[in-house]
Amino acid sequence: MTQLEEDAIVRAFRSGWIAPLGPEVDAFEEELAAYCDRKYAVALSSGTAAIHLGLLALGVVPGDLVLTSTMTFAATANAITYTGAEPIFVDCDETGNMDPDLLRTAFETLRSEGKTVKAVVPVDLLGKVVDHDRIGVIAREFGAVVLSDAAESLGARYKGRSSAAYGDVAAVSFNGNKIMTTSGGGALLTDDADLAQHVRYLATQARQPVLHYEHTDIGYNYRMSNLLAAIGRAQLSRLDEMMRIRRENRQFYTRLVEDLRGVCIFGEPSGIDDDWTHDNWWLTSLLIDSDVAVLDREAVVSALSDEDIEARPLWKPMHVQPIFSVHRRFVDGAGESLFRAGVSLPSGSSLSPASRDRIGALLSELWK
Ligand SMILES: *Cc1c(COP(=O)(O)O)cnc(C)c1O
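Note that the coordinates shown come from a computational prediction; the quantities given were computed from them, not determined experimentally.

What counts, and where the lines are drawn
Residues numbered from 1 in each chain as written. Predicted model: local features only at pLDDT ≥ 70, side-chain atom pairs only at ≥ 80, totals over all residues. Heavy atoms only, no water. Near = heavy atom within 4 Å. Polar contact = N/O pair within 3.5 Å; in protein donor to acceptor, adjacent residues only side chain to side chain. Areas by Shrake-Rupley, 256 points an atom, 1.4 Å probe, with all protein chains shown as cover. Helix = DSSP H or I, 4+ residues; strand = E, 2+ residues; numbered from the N terminus. Nonpolar A, V, L, I, M, F, W, Y, C, P; charged D, E, K, R; others polar. Disulfide = S-S within 2.5 Å. Buried < 20%, exposed > 50% of the residue type's maximum accessible area, 1.4 Å probe, protein only. Pairing = 2+ DSSP bridges. Right-handed = clockwise from strand over helix to strand, strands pointing away.

Enquirer: Requested: an account of the site of the ligand, with residues and values cited.
Expert: Taken together, 16 residues are adjacent to the ligand, and G47, T48, E152, S173 and K178 come closest. Within the side chain of T48, one N or O atom sits 2.5 Å away from an oxygen atom of the ligand. Side-chain polar atom of D149 to a nitrogen atom of the ligand: 2.8 Å apart, as the coordinates give it. Protein chains bury 94% of the 380 Å² of accessible surface belonging to the ligand in isolation. Those elements that place two or more of their residues in the shell around the ligand are α3 (47-57) and α4 (74-82). Looking at the shell around the ligand residue by residue, the classes come out as five nonpolar, eight polar and three charged.

Enquirer: Talk me through the state of the cysteines; I want residue IDs and the actual numbers.
Expert: Inspection of every chain in the model, using the stated rule, returns zero disulfides. C92 carries a free sulfur, and the closest cysteine sulfur to it, the one in C264, is 14 Å from it. Residue C264 is classed as partly exposed on the basis of its relative accessible area of 39%.

Enquirer: Would you mind going over the pairing of strand β4 (residues 117-121) in detail, with residue names and values included?
Expert: In summary, the side chains of a regular strand alternate between the two faces of the sheet. Burial analysis of β4 places four of its five residues in the buried class, which makes it a mostly covered element. Where strand β2 (residues 65-69) meets β4, four bridges bridge the pair, whose relative direction is parallel. Each bridged residue has a counterpart across the sheet, and for L67 the counterpart in β4 is V120. Bridge count for β4 against strand β5 (residues 145-149) is two bridges, and the pairing is parallel. By the bridge assignment, A119 is partnered in β5 with V145. This β-α-β element, β4 to helix α6 (residues 132-141) to β5, shows right-handed connectivity.

So this is what it looks like as structure tokens:
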């Protein structure tokens, strides 16, 4: 957060619009839609709310089957569950994102059992965009809609367009840990005017447009506050700069691991130079081959933690989470091995060069 965000929230506060909705929300939606190469954005209270309402607006109802990535944060599977639909987990390929071949297997297997899949929810793991071309073709072939969980990939690009430009609907998050934040918040992106309008309606308690509070649907209280939208506008104006710093972090760690046996950077080492396809450098993670490396993932996390440096494993796959383990899955072990090997390093845009050097020195020391 900088002076720009502080000025923005003071501006919103003094305007008197201390409510969900107001001019900052309208402006944020316009600026966000433009940034994401979409016609419409709906600002909401969280990314989870965006997935939930996106699925409802796409017609997902209780009992429907929804295919999603097992390598994700629980919010994806939670939101599917809120609708009463059943999540079915699909494993990743070496990118960490949904494996299109396994997705096809899942569709074909379910169809051979006489079952229809309503929706696919691919997830851009740690800012790396899924293979939307292949996933989109497969989903269309089997008549399923696509909600793209782009919560972690805002700013990333795939084939010349924003990561949030893909899918019938995309969801992004502005939670405190994401690449840009409104402290808490999220948004739904779409090119469908009626769908955007319907989501705005559901997010404000489904009030019919009459004076006396008339309701014909179950609604939700999911809108973003005008104060937080002001912070969002300031953050969005700095997003490209924040990504540039995160990319420098990636380049720093890439040089560092050249000297560490059995360690590589997860995904693109430092990003591609053109604007065509690249991740948003949100997190830089190491993959540690415990057969070759001197330390395994646990030992690295705990050695860093002893020095007050926070590092975390990648997401633990959903199909091995106690709450979701009852659900069907199409997996081949790829997600579980990434989980065992992966550790995310401090990657923030406020990480100082001095802190980065300290982390680098410590890792080099551990590998001696
Ligand atoms: C953070 C996140 C969400 C949820 O966003 P919130 O704004 O925290 O509700 C959903 N999916 C993924 C993959 C996430 O990382």
